[in-house]
Amino acid sequence: MRLLDAILGRSKPVRPDLDRLFGLPGAAVSLEAGAGFTPTGRGSVCFASVEGGAFSQLQRDVRELLDADTDRGGVPVEFSQDAYGYTWLLARQRPDDVASLVNDLHAVNSLLQDGGFGPQLLCSLIGFQDPAGRSLALVYLYKRGTFYPFAPLPGVAEKRDNALELQMRALLGDDLRIEEDLSRWFPVWGAPGL
């Protein structure tokens, strides 16, 4: 079948590699050193909700896992829905603890994937900000196994800073697997964590 696929120009989709999320702490160092962007301590996971008891139980398990440290000062996770009906989970950690935030996001992705809900996962992101107040998110596309920068223009509704995004692509090329197809750099307007 591989020969036939090659002849017909078909390829297998890239398998998600959640361990790529662990490249984010190194990328955070590069962002701060190379462009002055520091982590906000906020990150989120976006997924399509599914009706049913198994998915509801999985959401409760995620909340229980990530809220385990609230009695020691941790911030509870928040669930919200966007205008398109997608569910966002917002996790928070100290801005200087990107590794813990990445662990939280990885745990959520892993629980959903292991629970059979991998196809519902869309993306994960971590927010950054520079001293001038510009926002930046590093977005992980679950189905592609790649990252891209998303930089909304401050004070302008639904406009992107394309020059900054391309600059960040060049800066982060050694730290993360960057999505080569720019048409897949989807805007995530109003995403929790941004």
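> Give a detailed account of the overall build of the protein chain, specifying residues and quantitative values.
The helix and strand inventory of the protein chain stands at five helices and six strands. When the elements of the protein chain are put in sequence order from the N terminus, they spell out α-α-β-α-β-β-α-β-β-β-α. Expressed as a percentage of its 194 residues, the buried residues of the protein chain come to 40%. Sequence separation of at least 24 residues holds for 64% of the intrachain contacts in the protein chain that already meet a minimum separation of 6.

> Account for the pairing of strand β6 (residues 146–150), naming residues and giving values.
Of all five residues making up β6, five are buried, and the element is well covered by its neighbours. The alternating pattern of β6 places T146, Y148 and F150 and F147 and P149 on opposite faces, both of which are buried. Bridge count for strand β5 (residues 135–141) against β6 is five bridges, and the pairing is antiparallel. Note on β6: the bridge partner recorded for Y140 is F147. What sits between β5 and β6 in their antiparallel hairpin is a turn of four residues, with G145 showing a positive phi close to 70 degrees.

> Please provide a residue-by-residue account of the state of the cysteines, values included.
Following the criterion strictly, the structure yields zero disulfides and no others. Distance from the sulfur of C123, which forms no disulfide, to the nearest cysteine sulfur (C46) is 4.8 Å. For C123, a relative accessible area of 8% translates into the label buried.

> A description of the pattern of salt bridges should follow, citing residues and the corresponding values.
Here the structure, examined in full by the defined rule, presents seven salt bridges. Residue D97 pairs with R94 through a salt bridge whose shortest N-O separation is 3.9 Å. Classification of D97 as buried rests on a relative accessible area of 17%. A salt bridge links D181 to R184; the shortest N-O distance between them is 3.7 Å. Judged by its relative accessible area of 31%, D181 is partly exposed. The exposure class of R184 is partly exposed, given its relative accessible area of 31%. By sharing partners, the salt bridges in this structure join R94, D96 and D97 into a single network.

> Run through the packing of aromatic side chains, naming residues and quoting values.
For the structure shown, the criterion picks out three aromatic pairs. Ring centres of Y148 and W185 lie 6.0 Å apart, and the angle between their planes is 20 degrees; this geometry places the pair in the stacked category. A residue pair is termed long-range when its members are at least 10 positions apart, and Y148 in strand β6 and W185 in the segment after α5 (162–172) qualify at 37 residues. By the burial criterion, Y148 is buried, and W185 matches it. Ring centres of F150 and W189 lie 5.2 Å apart, and the angle between their planes is 75 degrees; this geometry places the pair in the edge-to-face category.

> Before we move on, could you go through the sheet that holds β5 and cite the residues and values that matter?
Strand order in the open sheet made by the six strands is β2-β3-β1-β4-β5-β6, with antiparallel pairing throughout. Every other strand in the sheet has two partners, leaving β2 (78–81) and β6 as the edge strands with one partner each. Averaged over all pairs of adjacent strands, the angle between strand axes in this sheet comes to 25 degrees, irrespective of strand direction. Pairing of strand β4 (residues 121–129) with β5 involves seven bridges; the strand directions are antiparallel. Residue pairing for β5: F128 is matched across the bridge by L136. Along the sheet, α5 contacts β5 and β6; its crossing angle with β6, the most-contacted strand, is approximately 140 degrees.

> Outline the environment of G36, listing residues and values.
Relative to the elements of secondary structure, G36 occurs in the loop between α2 (24–35) and β1 (38–48). G36 sits 96 residues away from A132 along the chain, and the two C-alpha atoms are 9.4 Å apart. What G36 contacts, discounting residues up to four positions off in sequence, is L31, Q129, D130 and P131.

Scoring rules and cut-offs
Residues numbered from 1 in each chain as written. Predicted model: local features only at pLDDT ≥ 70, side-chain atom pairs only at ≥ 80, totals over all residues. Heavy atoms only, no water. Helix = DSSP H or I, 4+ residues; strand = E, 2+ residues; numbered from the N terminus. Buried < 20%, exposed > 50% of the residue type's maximum accessible area, 1.4 Å probe, protein only. Contact = heavy atoms within 4.5 Å. Pairing = 2+ DSSP bridges. Disulfide = S-S within 2.5 Å. Salt bridge = Lys/Arg side-chain N within 4 Å of Asp/Glu carboxyl O. Phe/Tyr/Trp six-rings, centres within 6.5 Å; stacked < 30°, edge-to-face > 60°. Axes fitted to C-alpha atoms, helices over the stretch in contact; angles between N-to-C directions.

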